[in-house]
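# Descriptive structure summary
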Amino acid sequence: QERHIPTYQRPPRRYLKHHLYLFAMEEGQQNIVSSFPPPPPFYKLYGLDGIVPPLPPSPIEGNYSMFGKTFTTQDVLPTLEEGGRKQLYPKENFSHIEELKKLNRSLNMKYIELLTFLIENPEQYQSKVEDIELILINMHHLLNSYRPHQARQTLITLLENQIQNRKDQIKSNNQGIQQVTKMFEDCVNILEKE
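This section reports on the structure supplied with the text. Not measured: the values here are computed from a predicted model.

## Section: the overall build of the protein
Looking only at helices and strands, the protein features four helices and two strands. Seen in sequence order, the protein has helices and strands lined up from the N terminus as α-β-β-α-α-α. Across the 194 residues in the protein, those meeting the buried criterion constitute 9%. Long-range contacts, defined here as pairs at least 24 residues apart, represent 48% of the contacts in the protein between residues at least 6 apart. Of the roughly 18,100 Å² of accessible surface on the protein, 58% is carried by carbon and sulfur atoms.

Structure (structure tokens):
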């Protein structure tokens, strides 16, 4: 038995609404809608009639909450003690370079100790791994204390490059002005001779 497939299927209702809307647009029954929405109502505050626009909100100071977490506006590197770790270098008046060298030597020694421990007594390696982890965390913390200095130096280098680029542009513009001035003078001399 053959199954009869209708040649015309009724479109879904959402298509009918869309086509009715297009048909109404063609007939002129619907108002034409702008592709850009109108500006917000407070744009009138920024006119030339002497009205002072509202001031922006003041910067947040202290702690604030965002996405369920509390943040602080003070950009301070937390100490190792706050993170529950022991600090292996002095708290004040020390050379970062010297302390990093000391920690690096300690790391090498602890690694050699770990290797000898693994050869002699492989079950009790955990304490040596924890020592190495503590040294690496201290080195990482020392390096992170240089981040503000690195950011400042990066910004200084960026600004120096921008200044140099602008000086080069000014020099190039001045050379172009001199060439154009010379060409005008040559043109004036030619016109005066004729």
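And the narrative resumes.
## Quick look at the nonpolar core
Counting ten residues, the largest nonpolar core consists of L80, Y89, L100, L103, L107, L114, I132, I135, M139 and L142. Elements supplying a minimum of two residues to this core: α2 (96-120) and α3 (126-144). Each residue touching L80, except ones within four places of it in the same chain, is listed here: R85, K86, Q87, Y89, I137, N138 and H141.

## Considerations on the pairing of strand β2 (residues 69-72)
The side chains of a regular strand alternate between the sheet's two faces. With four bridges connecting them, strand β1 (residues 63-66) and β2 associate as antiparallel partners. Within the sheet, the bridge partner assigned to N63 lies in β2 and is T72.

Calculation criteria
Residues numbered from 1 in each chain as written. Predicted model: local features only at pLDDT ≥ 70, side-chain atom pairs only at ≥ 80, totals over all residues. Heavy atoms only, no water. Helix = DSSP H or I, 4+ residues; strand = E, 2+ residues; numbered from the N terminus. Buried < 20%, exposed > 50% of the residue type's maximum accessible area, 1.4 Å probe, protein only. Contact = heavy atoms within 4.5 Å. Areas by Shrake-Rupley, 256 points an atom, 1.4 Å probe, with all protein chains shown as cover. Core = buried A, V, L, I, M, F, W, Y, C linked by side-chain atoms within 4.5 Å. Pairing = 2+ DSSP bridges.

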